[in-house]
Amino acid sequence: MANLTASRKLWIWTCIVTVLSGPLAGCAADNTTAVIPLETDTTISSDTATNRSEETELTVENNVGGPESRVLLKLPTGQQDPEDNLAKALEDVFYFVFFMPWAILTRMANCKAEQLTAANVNTAFLDFSVASGAVIAGDLKISLLSMPWWQTATWNRAHPFSNAGGLWTSPGGDVYSAAQFTPINNTMNAADVRFDIKAYFQSLIQDEAANDNNRKPHYGFLLQSTAATFAQLKLKSVQTLTSTEGPRVVVNYNTSACTLGNYIDFHSGRSSDYVSVTALGPHGGHYLARANGSSSQPVTAVVPGERGW
Amino acid sequence: MKPTSRLASLLMLAVLATPCAALAAEGTSSAKPDKEEKDSEVILRYGVALSHMTVVPDGMTPGLLNPPAEAEISYYSDVPGDRIWLALRAGYPTGVGQPTFGGTLGTVFGGGKFRLLGGVELNFQSLFTDNPAAQSVLHNANVAAVAKVRRLLTGDSKIEIEVKAVFQFDSTIANFEGLETVTRPNTAWIIKPTFTLALGPIMGMAQYGFFVAPEVAIASKDFAITVPSRLVSRPMLGAGIGLGGLEIWLKMAWVLNMGDGVEHVYRVPYLSLDDYALAPTFGSLELQWRI
């Protein structure tokens, strides 16, 4: 900067400080809402052993003396593919595939694990679009399933890969009790069936941060009626042609958890065309912003840089 | 290491060490073989399930798992400069109803009363998409490393131990909701000590086969589970008669300690009658011509 005039130096630093003041001051400006469509769901009914995973609608009902139907669904694994899962399954009893919700959040936030904290999740909802029928808030609940299930799951059987080991302990789906797992907040909006799952997501993140061995798998959700009698409700499934109407997670989160003075350090550098400011993170440094200026040219623009590393 | 893997390793060591030690003691490299052999055989086998599994995976019927009928041509030679072991095989599993193919290529060591045959075996089955087993674990292929140690006794009597490591390929078993589900077994080990007694034209055989049926991963993009491994045994008894170059055999086998029937089907290799273990009891009629 030795060649710059004092006024130009001041102008450049003013620009830089202006640019950085937003992202670095608690990242308040980086607030995003993401919609994540689910990819796996099915209906299980007490009166049939049919595979219903490819139906375009999910059914919840409870008839006195008649059949009861419930819905199984699972958060998606994002980019994970069967090849990775096969290898993981042969290596470890705790399958990576069942920890994916946390990884999804990490990817959504576009940052490394250490940057994502429970506090970054502002809201998280599990949403369904109603195809037919009516629901009253409080008549539905979701619980956390406690064993793996496959798409051909039925009322009595979670998966077909073991005759004895594939059965639910409790027909209709095994779930964790409140004592075993952070229960889902069953606050529900009946207009477009919506469950608040923020506390569940936060618990996943906190468990991960606390101890890898303490992670709890995500086997999926069980959606059922709480009423003794519940008229048939049809919800649009992942097979519905409009992807935005299938079961989906809607999350609002802060993109970055970086805080000024934590693990951020600054140094300035200069090329012939611009001055950059670099934030040093745990995995190396990336510039957060740059201002194009030089000894002969005034600063005309400030360019936001990368966030996250 | 899991207990079954440890047990398999111990069995392997025991099985390999005994005959190899005997082979070494007798001397194979420096001692001149007292008998050089060339042997060609044509073998026809027809397997019949005498009882069926009561539980099988979804989409299958017990009859689908019936043993195959097979035709095999094999040749081996321990003549120096021509040490080769070659076998070609075609099978027809009567349940699935489409052919399987296989072969072995290897070499022969030893001489005198001992032979060590080592080779690589390939088995595969290609199924039409409308076949009932097309999207199942039965639609598979495998490559195996196989070794046989054989000690010739008097006449045609012999003791043989076969050790085989079977590397099974992945099978796509479903594609619900656009998510492909695939099975991937770990390596299977098959160890078969066999005693064959020949008293003139009357022959008998006894075999006790061990199948270290491996752990199997089953996974899609959103699902993963492991079928645990299991040690399965398969005793077999046979009676035969020799008519010049023709031998006629009747054999019967019992598959023990299958455990969960569904898991068993995912675990055990399938594609040849020699390694068949998908019926609790089965029999076979074999015709062997020595050329």
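Residues numbered from 1 in each chain as written. Chains lettered and ligands numbered in written order. Predicted model: local features only at pLDDT ≥ 70, side-chain atom pairs only at ≥ 80, totals over all residues.

Concerning the overall build of chain A
Counting secondary structure elements, chain A contains four helices and 16 strands. The 309 residues of chain A split such that 38% are buried. Considering only residue pairs separated by 6 or more positions, chain A has 69% of its internal contacts joining residues 24 or more positions apart. (Helix = DSSP H or I, 4+ residues; strand = E, 2+ residues; numbered from the N terminus. Buried ≥ 20, exposed ≤ 12 C-beta atoms within 10 Å, placed from the backbone. Contact = placed C-beta atoms within 7 Å.)

A look at the overall build of chain B
Check the secondary structure of chain B and you find two helices and 16 strands. Here chain B, with 291 residues, has 40% of them falling under the buried criterion. Taking the intrachain contacts of chain B between residues at least 6 apart in sequence as the baseline, contacts between residues at least 24 apart amount to 61%.

Things to note about the interface of chain A and chain B
Taken together, the contact between chain A and chain B spans 30 residues of the former and 27 residues of the latter. In terms of residue count, the dominant contributor to the side of chain A that touches chain B is helix α2 (residues 82-91) of chain A (six residues). Per-class residue counts for the side of chain A that touches chain B are 13 nonpolar, twelve polar and five charged. (Nonpolar A, V, L, I, M, F, W, Y, C, P; charged D, E, K, R; others polar.)

Describing the sheet that holds strand β9 (residues 181-185) of chain B
Where strands meet in a sheet, backbone hydrogen bonds hold them as pairs that are either parallel or antiparallel. Pairing is antiparallel in the open sheet, where four strands are placed in the order β8-β9-β12-β13 (chain B). The strands lining the two open edges of the sheet, one partner per strand, are β8 (171-174) and β13 (223-227) of chain B. Strand after strand, the sheet turns through a mean of 25 degrees between neighbouring axes, direction not considered. On the sheet, α2 of chain A packs against β9, β12 (216-220) and β13 of chain B and is oriented at approximately 145 degrees with respect to β12 of chain B. (Pairing = 2+ DSSP bridges. Axes fitted to C-alpha atoms, helices over the stretch in contact; angles between N-to-C directions.)

Remarks on the pairing of strand β3 (residues 57-62) of chain A
Residue and element names in this part refer to chain A. Across the six residues of β3, five count as buried, placing the element largely inside the fold. Taken together, the five bridges between β3 and strand β11 (residues 230-236) define a ladder with antiparallel strand orientation. Looking at the pairing, E57 lines up with K236 of β11. Where β3 meets strand β4 (residues 68-74), two bridges bridge the pair, whose relative direction is antiparallel. Looking at β4, one finds that N62 is bridged to E68. Counting the residues between successive antiparallel strands, the hairpin from β3 to β4 contains five residues, one of them, G65, with a positive phi of roughly 75 degrees.

Some remarks on the confidence of the model for chain B
Residues and elements named next belong to chain B. When pLDDT is averaged along chain B, the result is 86; 88% of the residues meet or exceed 70. In this model, residues 1-34 is a region of pLDDT below 50 whose contacts with residues beyond four sequence positions or in other chains number 34 contacts. Of the two predicted TM-score estimates for the complex, the pTM is 0.76 and the ipTM is 0.82. (pLDDT = per-residue confidence, 0-100.)

A look at the sheet that holds strand β10 (residues 188-199) of chain B
All names here are of chain B. The strand order β1-β2-β3-β4-β5-β6-β7-β10-β11-β14-β15-β16 describes a closed barrel built from twelve strands, whose pairing is antiparallel. Strand-to-strand twist of the sheet, defined as the mean angle between neighbouring strand axes without regard to direction, takes the value 20 degrees. Where strand β14 (residues 230-243) lies against strand β15 (residues 246-254), eight bridges are found, and the strand directions are antiparallel. Note that in β15 the partner of G242 across the bridge is E247.

Observations concerning the nonpolar core
Formed by 92 residues in total, the largest nonpolar core has its most connected members in L72, L145 and L223 of chain A together with F211 and L278 of chain B. L223 of chain A has contacts with V60, R70, V71, L73, L140 and I142 of chain A, leaving out every residue within four places of it along the chain. (Core = buried A, V, L, I, M, F, W, Y, C linked by C-beta atoms within 7 Å.)

Considering α2 of chain A
Along α2 of chain A, the residues classified as buried are P82, N85, L86 and A89 of chain A. Projected down its long axis, α2 of chain A carries its buried residues within an arc of 105 degrees, all on one side. (Arc of directions from axis to C-beta.)

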